[in-house]
Amino acid sequence: MTPTQSPDTTPNHLSAPSRALSFDRAAAQYAAARPGYPDALLDAVEDLTGRPLRGARTLDVGAGTGISTRRLHDRGARIVAVEPGPGMAAELRRALPDVPLVRGDGNRLPFASASADLITYAQSWHWTDPARSAAEARRILRPGGALALWWNVADHTVPWVADQDARLRRFFRVEARVDDRSAHGSAVQDRDLPPDLDFTHRRIPWTRRVRLATHIDNLGSHSAFLTIGDDAARQFLAEERARLASDFPDGTVEEAYVVELSVAVR
Ligand SMILES: C[S@@+](CC[C@H](N)C(=O)[O-])C[C@H]1O[C@@H](n2cnc3c(N)ncnc32)[C@H](O)[C@@H]1O
């Protein structure tokens, strides 16, 4: 699970710029512990864009260590990864040496106009300035091309996930959302979707079972933990690990997510 929608989804332009690139200091941990995306997500992208991924000229922006890039590449997309952070980019290069990588920023993309069929942002749109990144997407997509944004959000209908989310909210002093559209931790309304693009939304639930150590590393790879201070982060994560070890004595947890997907065709 992601700890909640909040620790990684404070828009970059509203927070310290360093937070957007905080992942670099934990890039290997990120690559090893963060969840991937289910096949059903890639199917939904094809469905909502109205074209197969195979052969689609695709920019995966905020590609990080390549978790989203790999999924798109495996489906046959002609993909270029775009990533501003040096540590994350180095991991991507190591994991996907054959995939072209551009060190760039969604707010000013170094690509020609009308040159892409698909632009994807997997858990990364909120780190851009949405007015600028939307203008760039509009410029670079060919007519009929699509912008696809998605996030793995913790599924708060699962009791242990909701309990953990409450602990995270207390720790980070995040107010409970009063405008949740459902019991899920939906936060798409926070993410500054460009108002002049017509988005279709889909929610895709999925789970993965992982060792407790991986789950704790996953939590610790979120920007909130990477920027709150090492001692505070270490203490929370140690307490969380002890609590979950007692709740799940077999040493594994089933993380539960909903992928929130938003697609707009230009
Ligand atoms: C949560 S990670 C997502 C990585 C990957 N897409 C995935 O699914 O795991 C967010 C990424 O966005 C990148 N990022 C931060 N600011 C950005 C910007 N202005 N434009 C593009 N990417 C940015 C960060 O360096 C980081 O690698």
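Small disclaimer: the values here were computed from a predicted structure and weren't measured. Positions within a chain are numbered from 1, following the residues in the order the chain's sequence is written. With the structure being a predicted model, the display of local features is reserved for residues of pLDDT at least 70 and the display and counting of side-chain atom pairs for 80 or more, all residues being used for whole-chain, interface and lining totals. As a rule here, side-chain values come from all non-hydrogen atoms in the structure, and water together with hydrogens is ignored.

(A) Here's a closer look at unusual backbone geometry. Residue Ala 114 is not a glycine yet carries a positive backbone phi of 55°. A run of H or I in DSSP becomes a helix once it reaches four residues, and a run of E becomes a strand once it reaches two; helices and strands are each numbered from the N terminus. Within the secondary structure layout, Ala 114 lies in the loop between strand 3 (101-102) and strand 4 (116-122). Throughout this description, buried means an accessible area under 20% of the type-specific maximum (1.4 Å probe, protein chains only), exposed means over 50%, and partly exposed covers the range between. Overall, Ala 114 belongs to the partly exposed group, its relative accessible area being 41%.

(B) Representation of the pairing of strand 7 (residues 252-265) in the model. Burial runs high along strand 7: 12 of the 14 residues are buried. In the sheet, strand 5 (residues 141-154) pairs with strand 7 via 9 bridges, with the strands oriented antiparallel. By the bridge assignment for strand 7, Ala 154 is matched with Tyr 257. By this definition, two strands are paired if DSSP reports at least two bridges between them. Pairing geometry for strand 6 (residues 199-211) and strand 7, over 13 bridges, is antiparallel. Looking at the pairing, Arg 202 lines up with Leu 261 of strand 7.

(C) Structural view of the side chain of Ser 124. Its location among the elements puts Ser 124 in the loop between strand 4 and helix 6 (130-140). Classification of Ser 124 by relative accessible area gives buried; the value is 7%. Two residues qualify as a contact provided that any one of their heavy atoms is within 4.5 Å of a heavy atom in the partner residue. Dropping the residues within four chain positions of it, Ser 124 is found in contact with Val 61, Gly 62 and Trp 151.

(D) Spotlight on the pairing of strand 4. Most of strand 4 is tucked away, with 7 of its 7 residues classed as buried. Alignment of strand 1 (residues 57-61) against strand 4, held across 3 bridges, turns out to be parallel. In the sheet register, Asp 60 faces strand 4, and the bridge partner there is Thr 120. Taken together, the 6 bridges between strand 4 and strand 5 define a ladder with parallel strand orientation. Within strand 5, the residue paired with Ile 119 across the bridge is Leu 147. We call a crossover right-handed when, viewed with the strands running away from us, the connection from the first strand over the helix to the second turns clockwise. With respect to chirality, the unit in which strand 4 leads through helix 6 into the neighbouring parallel strand 5 is right-handed.

(E) Layout of the nonpolar core. Buried Ala, Val, Leu, Ile, Met, Phe, Trp, Tyr and Cys residues that are joined via side-chain atoms within 4.5 Å together make up what is termed a nonpolar core. In this structure, Leu 41, Val 45, Leu 72, Trp 150 and Leu 261 are the most contacted members of the largest nonpolar core, which totals 37 residues. Top contributing element to this core by residue count: helix 3 (residues 39-49), with 5 residues. When residues no more than four places from it in sequence are discounted, the contact partners of Val 45 are Leu 53, Leu 118, Trp 150 and Leu 261. Ranked by size, the runner-up nonpolar core spans 21 residues in total, among them Leu 59, Ile 119, Ala 134 and Phe 199.

(F) Broad picture of the sheet that holds strand 5. Strand order in the open sheet formed by 7 strands is 3-2-1-4-5-7-6, and the pairing between neighbours is mixed. Edge strands, defined here as strands with exactly one partner in the open sheet, are strand 3 and strand 6. Axis definition: a line fitted to C-alpha atoms, limited for helices to the stretch in contact. Angles are taken between N-to-C directions and run from 0 to 180 degrees. Seen against the sheet, helix 8 (residues 212-220) touches strand 6 and strand 7 and runs at an angle of roughly 135° to strand 6.

(G) Looking closely at the confidence of the model for the protein. A residue's pLDDT is simply how confident the predictor is in it, with values from 0 to 100. Looking at the protein as a whole, the pLDDT averages 89, with 87% of positions reaching at least 70. Here residues 9-16 scores under 50 on pLDDT; set against residues more than four positions off or in separate chains, the count is 19 contacts.

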